[in-house]
Amino acid sequence: MMGRVRPRLFILAGVPGCGKSTWARTFFEPRLIVSTDAIREVKWPGEPYKAERNDEVFREFHTRIDFLLRHDNDAVADATSLASAARYELLRTAHLRGVEAHLVFFDNPSQALHRNAQREGYALVPEDAQQGMLKKYQQARCDILDEKYASVTIIAGTQ
C-alpha cells in the first residue's frame, strides 16, 4: 500500500490580471484555492479595493491556508505575492507544516495590464496600484532566484 502524499502549498505570484485565479481554477478544486480577492468580495461585496483592509484580508488568507495544510490538503495561495515578505510568510507556513512550497510565477506583465484595463467595477485595479505592482514584479523576478522552493514554474505570456 502506498503512503499518503504530503500536502503542498502552491504560491501564485504575479501582477493583477496576469491569470493567477484562472490558472488556479483550471488545476485545483475550488475548496483548495485561497484568494485574497474572494475574501474581499465575501466580506465587502462590490467594494473597490481599499488598502486599509489588507491586514484583515491577509489574516484570514493565512488562517485559511494554514487550516488546509493542517488538515492534509493542498493549498493554493492566490494573491499577488510580489513582495518578498509576502512570499517569505507563505514559505514559513509551509516549513512549519512540513510541506513543500511550489512557486508559480506569472511573467506576463503586458497581458496583465491589458486584461486589467478590460475589467470593470471592483475587479479593476486602480492605475497607481497597478504601477506599484509592476515595480514589485521587477524586484520579484530577481528575488525568486534566491528563494527556496520545491519547484518554480514560470508562466510566460505572449507579448
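Our structure is the block above this text.
Residues numbered from 1 in each chain as written. Predicted model: local features only at pLDDT ≥ 70, side-chain atom pairs only at ≥ 80, totals over all residues. Heavy atoms only, no water.

Colleague: How would you sum up the overall build of the protein? Please name residues and give values.
Modeller: Along the backbone of the protein there are 6 helices and 5 strands. Beginning at the N terminus, the succession of helices and strands in the protein can be written as β-α-β-α-α-β-α-β-α-α-β. What you see for the protein is a C-alpha radius of gyration of 15 Å, in line with the 15 Å of a compact globule of 159 residues. Along the first, second and third principal axes, the C-alpha set of the protein runs to 50 × 35 × 25 Å. With 159 residues in all, the protein has 41% of them scored as buried. Taking contacts inside the protein between residues at least 6 apart in sequence as the whole, the part at least 24 apart equals 78%. Per element, the accessible surface of the protein, about 9,400 Å² overall, is 54% carbon and sulfur. (Helix = DSSP H or I, 4+ residues; strand = E, 2+ residues; numbered from the N terminus. Rg over C-alpha atoms; globule rule 2.2 N^0.38 Å. Buried < 20%, exposed > 50% of the residue type's maximum accessible area, 1.4 Å probe, protein only. Contact = heavy atoms within 4.5 Å. Areas by Shrake-Rupley, 256 points an atom, 1.4 Å probe, with all protein chains shown as cover.)

Colleague: Pulling in residues and values, what's your account of the environment of A83?
Modeller: Take A83: it is sitting in the loop between β3 (75-78) and α4 (84-97). Accessibility expressed as a relative area gives 30% for A83, which makes it partly exposed. On a C-alpha basis, the gap between A83 and A129 in space is 14 Å, while along the polypeptide they are 46 residues apart.

Colleague: I'd like a rundown of the environment of R115, residues and numbers included.
Modeller: Positionally, R115 belongs in helix α5 (residues 109-118). Separated by 99 residues in sequence, R115 and P16 have C-alpha atoms that sit 8.6 Å apart. Leaving out residues up to four positions away in the same chain, R115 has contacts with G17, C18, G19 and N108.

Colleague: Could you give me a rundown of the layout of surface pockets, with the residues and numbers involved?
Modeller: Its volume calculated, the largest pocket comes out at about 980 Å³. Elements represented by at least two residues in the lining of the largest pocket include exactly α1 (20-27), α2 (36-43), α3 (54-70) and α6 (127-143). Broken down by element, the lining of the largest pocket gets its largest block of residues, 5 residues, from α2. A breakdown of the residues in the lining of the largest pocket according to their chemical character gives 17 nonpolar, 9 polar and 10 charged. (1 Å grid on protein atoms, 1.4 Å probe; cavity = no way out; pocket = protein on both sides within 12 Å on 5 of 7 lines; lining within 4 Å. Points joined across faces, edges and corners; volume = space filled by probe spheres on them. Nonpolar A, V, L, I, M, F, W, Y, C, P; charged D, E, K, R; others polar.)

Colleague: Provide a residue-level description of the sheet that holds strand β1 (residues 8-13), including the pertinent values.
Modeller: Read from one edge of the open sheet, 5 strands run β2-β3-β1-β4-β5, paired in parallel fashion. The open sheet has two edge strands, β2 (33-35) and β5 (151-156), and neither has a second partner. Sheet twist, expressed as the mean angle between neighbouring strand axes with direction ignored, is 20°. Where β1 meets strand β4 (residues 100-107), 6 bridges bridge the pair, whose relative direction is parallel. Residue pairing in the sheet places F10 in a bridge with H102 of β4. The strands that α1 touches are β1, β2, β3, β4 and β5; relative to β1, the one it contacts most, it runs at about 150°. (Pairing = 2+ DSSP bridges. Axes fitted to C-alpha atoms, helices over the stretch in contact; angles between N-to-C directions.)

Colleague: Got a sec to walk through the environment of D107? Specific residues and values, please.
Modeller: Mapped onto the elements of the fold, D107 is located in strand β4. For the pair D107 and Y88, spaced 19 residues apart in the sequence, the C-alpha separation amounts to 19 Å. For D107, the side chain forms a polar contact with the side chain of R141, separated by 3.3 Å. (Polar contact = N/O pair within 3.5 Å; in protein donor to acceptor, adjacent residues only side chain to side chain.)

Colleague: Got a sec to walk through the pairing of β3? Specific residues and values, please.
Modeller: Alternating residues of β3 divide into A75 and A77 and V76 and D78, and every residue in both groups is buried. Two elements, β1 and β3, share 4 bridges in a ladder whose sense is parallel. Bridging from a neighbouring strand, L9 pairs with A75 of β3. Bridge analysis of β2 against β3 gives 3 bridges, and the strand direction is parallel. Bridge pairing in β3 links S35 to D78.

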